[in-house]
There are 2 protein chains.
Amino acid sequence: MLKLTEQESLELLGSVTLGRVVFTQQALPAIRPVNHIVDEEAVIIRSHLGAAIVSQSAGRGGSVVAYEAENLDPVEHLGWSVIVTGTARLVTEPAAVTRYRTMLRPWVDREMDEVISIQVEMITGIRLVDGRPHD
Amino acid sequence: MLKLTEQESLELLGSVTLGRVVFTQQALPAIRPVNHIVDEEAVIIRSHLGAAIVSQSAGRGGSVVAYEAENLDPVEHLGWSVIVTGTARLVTEPAAVTRYRTMLRPWVDREMDEVISIQVEMITGIRLVDGRPHD
């Protein structure tokens, strides 16, 4: 197993469009697959769960979520995985919302979905090599 | 979008070997890709993070985690996703540990990994059809 640098991890994350956002909902761990783009140091997603992901109690400070993307071969045990921890905030600036909406297609069409920006605060990545992972 | 029954969801989960366990670590949302098998109403995984996933404070009661697996085409927007919520417990019975270890290959070889059983308490699944998801 190789540990990737932050820059390598961010580049790999930006090379795919599917990932999973991890948050807390009603005090339970929750996860949803979503599409994403990487815009500078932020992961941008759309979800109708915006209100759940960006908890109301967190207010303007946002709330901490995780985001994961990978390209793993479950048989050969090759590929990579990147995990982000960051602060999620609703994107409310109209021009930004419009721009991101055109770049992101939601998995489930709903009129009321929201655009969420996850500011990357920590990013780690690993790559499995030779099909024989080792530390 | 079609909602799957619990039985359909469990069968799809058992049809793949790669998923992601979602838990809380040091008060932050955390996620790790792992291999799994489905054994009756439980999802069985191996991880060196057993102590983190099954929090010590939870004791014998176990701790609540989420588990997600999917087979999604990010371009065509076809496929399925299954999400489990359940109670995670360390498997300690020696014969069960040995049996599960032979059935599960860890993503990263470590001597100190543990076998974790996630008893399924809630399972939901969706299937995206026709590449044009709708509710």
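Remember, predicted model here, so these are calculated numbers, not experimental data.

So, how was this worked out
Residues numbered from 1 in each chain as written. Chains lettered and ligands numbered in written order. Predicted model: local features only at pLDDT ≥ 70, side-chain atom pairs only at ≥ 80, totals over all residues. Heavy atoms only, no water. Helix = DSSP H or I, 4+ residues; strand = E, 2+ residues; numbered from the N terminus. Buried < 20%, exposed > 50% of the residue type's maximum accessible area, 1.4 Å probe, protein only. Contact = heavy atoms within 4.5 Å. Areas by Shrake-Rupley, 256 points an atom, 1.4 Å probe, with all protein chains shown as cover. pLDDT = per-residue confidence, 0-100. Phe/Tyr/Trp six-rings, centres within 6.5 Å; stacked < 30°, edge-to-face > 60°. Lys NZ or Arg CZ within 6 Å of the ring centre and 35° of its normal.

*Asks:* Hey, could you go over the overall build of chain A for me, with residue numbers and the actual values?
*Replies:* Within chain A, the regular secondary structure consists of 3 helices and 7 strands. Listing each helix as α and each strand as β along chain A from the N terminus yields β-α-β-β-β-α-β-β-α-β. Split into buried and exposed, the 135 residues of chain A put 53% on the buried side. Across chain A, the fraction of contacts at a sequence separation of at least 24, relative to all contacts at a separation of at least 6, is 69%. As displayed, chain A offers around 6700 Å² of accessible surface, 52% of which is attributable to carbon and sulfur atoms.

*Asks:* Please give an account of the confidence of the model for chain A that cites residues and values.
*Replies:* All names here are of chain A. Per-residue confidence for chain A gives a mean pLDDT of 87; residues scoring 70 or more make up 87%. Considering each helix and strand of chain A separately, the mean pLDDT is smallest for helix 2 (residues 50-53), with a value of 83, and largest for helix 1 (residues 6-14), with 97. Of the two predicted TM-score estimates for the complex, the pTM is 0.90 and the ipTM is 0.88.

*Asks:* With reference to specific residues and values, describe the packing of aromatic side chains.
*Replies:* Inspection of the entire model under this criterion finds 0 aromatic pairs over all chains. A cation over an aromatic ring shows up here: R99 of chain A above the ring of Y100 of chain A, its NZ or CZ 4.8 Å from the ring centre.

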